[in-house]
Amino acid sequence: MADIHKVGLDTTSMTMIQALRSAMDVMLERDGNVVVFGQDVGYFGGVFRCTEGLQAKYGKERVFDAPISEGGIVGAAVGMGAYGLRPVVEIQFADYFYPATDQIVSEASRLRYRSAGDFTAPLTIRMPSGGGIYGGQTHSQSPEALFTHVAGLRTVMPSNPYDAKGLLIAAIECDDPVIFLEPKRLYNGPFDGHHDKPVVPWSRHPMGNVPTGYYSIPLESARVHRQGERLTVLTYGTMVYVAEAAAGESGLDAEILDLRSLWPLDIESILRSVRKTGRCLVLHEATLTSGFGAELVALVQEHCFYHLEAPIERVTGWDTPYPHAHEWAYFPSPRRVANAMRRLVTGEPPLPPLMPEDDPEQHAGHEAGTGGGD
């Protein structure tokens, strides 16, 4: 990762929204083949204002609105990419990508392979993802595992403004299709899972200090967010800050690895950390079953088995639609994460995967042998 204090880079405080906008601004200026489009991204500036002002600056042929048709948006982008453009398209919420699935899976991801390298699909598909904003079941999903399963796609999820800008520039410059997932709970500040506390703005966080010009971050690079010796937390997106809060509240010396690129993975960084600590916790907001964490668990088990001092733990969302009324029962809390950290270090047996451990009464019942699994 580039040094954010590197001499010669002028920096300023940015939110993640401003950093994403700055990345697109930089690339629109540097490369005349870059175009930005999607629902309401032109005049309106996008539902979260990530593209605000770009149409006024670059014109309606470079930044423009599209009909309400995710399949049409991505399909047009695939064709543009094949003819030499570098489209950056926005799906308003990750929950809305499903109508575009055929274009993403059958066309974009396979174009290089099916044409024997004659054509590529250098498109970037931006999608706000995750919960924590009371968006309910259709505005809170974390579908990253659906993309990492598809050969030919790259999947990226930044956790801060500095990474967001550098990774988005790298995604736009990449000749492969990139799914760029943006944790919308982090748009305006880091969030540690304590929803009852005041929001901390990015202006008070070092990763909110972002270079104003061009820089990029390699797409296949993880970042050590917190150094530690007792256990490794493999995570990404909003959960980076939940893990940090849990480590602080539990008093455990946890190393937190922010994956940033979900696929391809920076497997070397994962193995280096887990082999050092001997313990591994996998954390993500998406549902448990067949979540991306299952792949991480398999890789750690395969490559680090003889280094592990305890069974790998997983903390995730539950196997339910994202509930509006019970958002914070679904959202992996610092308490759930801290409990898993303690089990890893103390050697206590892991709870059943669906044990609602934030419910003290049911937790007590489980320990007494009378608790239910759901």
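Structure: above.
Residues numbered from 1 in each chain as written. Predicted model: local features only at pLDDT ≥ 70, side-chain atom pairs only at ≥ 80, totals over all residues. Heavy atoms only, no water.

Student: Sorry, what's going on with helix α1 (residues 16-30) here?
Tutor: Since one α-helical turn is 3.6 residues long, residues separated by three or four positions face the same way. The terminal C-alpha atoms of α1, which comprises 15 residues, lie 21 Å apart, in line with the 21 Å expected from a rise of 1.5 Å per residue. Burial analysis of α1 places 11 of its 15 residues in the buried class, which makes it a mostly covered element. (Helix = DSSP H or I, 4+ residues; strand = E, 2+ residues; numbered from the N terminus. Expected span 1.5 Å × (residues − 1). Buried < 20%, exposed > 50% of the residue type's maximum accessible area, 1.4 Å probe, protein only.)

Student: Quick question: what am I supposed to make of the packing of helix α9 (residues 267-277) against helix α10 (residues 292-304) here?
Tutor: The description of two helices packed together rests on the angle between their axes and the distance between the axes. Packing of α9 against α10 leaves a shortest axis separation of 10 Å and a crossing angle of 65 degrees. In terms of crossing hand, the pair formed by α9 and α10 is right-handed. Taken together, the residues of α10 that come into contact with α9 (itself represented by Ile267, Ile270, Leu271, Val274 and Arg275) are Leu296, Leu299, Val300, His303 and Cys304. Tallied by class, residues from the contact of α9 with α10 come to eight nonpolar, one polar and one charged. (Axes fitted to C-alpha atoms, helices over the stretch in contact; angles between N-to-C directions. Left-handed = near helix turned anticlockwise from the far one by under 90°. Contact = heavy atoms within 4.5 Å. Nonpolar A, V, L, I, M, F, W, Y, C, P; charged D, E, K, R; others polar.)

Student: Just checking my understanding: could you explain the sheet that holds strand β5 (residues 124-129) for this structure?
Tutor: Pairing in this open sheet of seven strands is mixed, and the strands run β3-β2-β4-β5-β7-β6-β12 from one edge to the other. Where the open sheet ends on each side, the last strands, each with one partner, are β3 (63-65) and β12 (261-263). Strand after strand, the sheet turns through a mean of 20 degrees between neighbouring axes, direction not considered. Together, β2 (34-38), β3, β4 (86-90) and β5 form the strand contacts of helix α3 (residues 70-82), whose direction differs from that of β2 by roughly 170 degrees. (Pairing = 2+ DSSP bridges.)

Student: I keep staring at the pattern of salt bridges and nothing clicks. Help me out?
Tutor: Side chains carrying opposite charge are able to pair once their charged atoms draw close together. For the coordinates displayed, the defined rule picks out 14 salt bridges. A salt bridge links Arg21 to Glu52, with the shortest nitrogen-to-oxygen separation between them at 3.8 Å. Here Glu52 lies in the loop between β2 and α2 (54-58) and Arg21 lies in helix α1, a separation of 31 residues in the sequence. Judged by its relative accessible area of 43%, Glu52 is partly exposed. Ionic pairing is found between Arg223 and Asp258, a salt bridge with its closest N-O pair at 3.3 Å. One end of the pair, Arg223, is in strand β9 (residues 223-226); the other, Asp258, is in strand β11 (residues 254-258), with 35 residues separating them in the sequence. Given the relative accessible area of 9%, Arg223 is considered buried. It is possible to trace a salt-bridge network through shared partners that takes in Arg112, Arg154, Asp176 and Glu220. (Salt bridge = Lys/Arg side-chain N within 4 Å of Asp/Glu carboxyl O.)

Student: Even after reading the chapter, I still don't get the side chain of Thr238, so can you show me in this structure?
Tutor: By the element assignment, Thr238 lies in the loop between β10 (231-235) and α8 (239-250). Aside from chain neighbours lying at most four places away, what touches Thr238 is Pro183, Arg185, Leu186, Phe191, Glu285 and Phe331.

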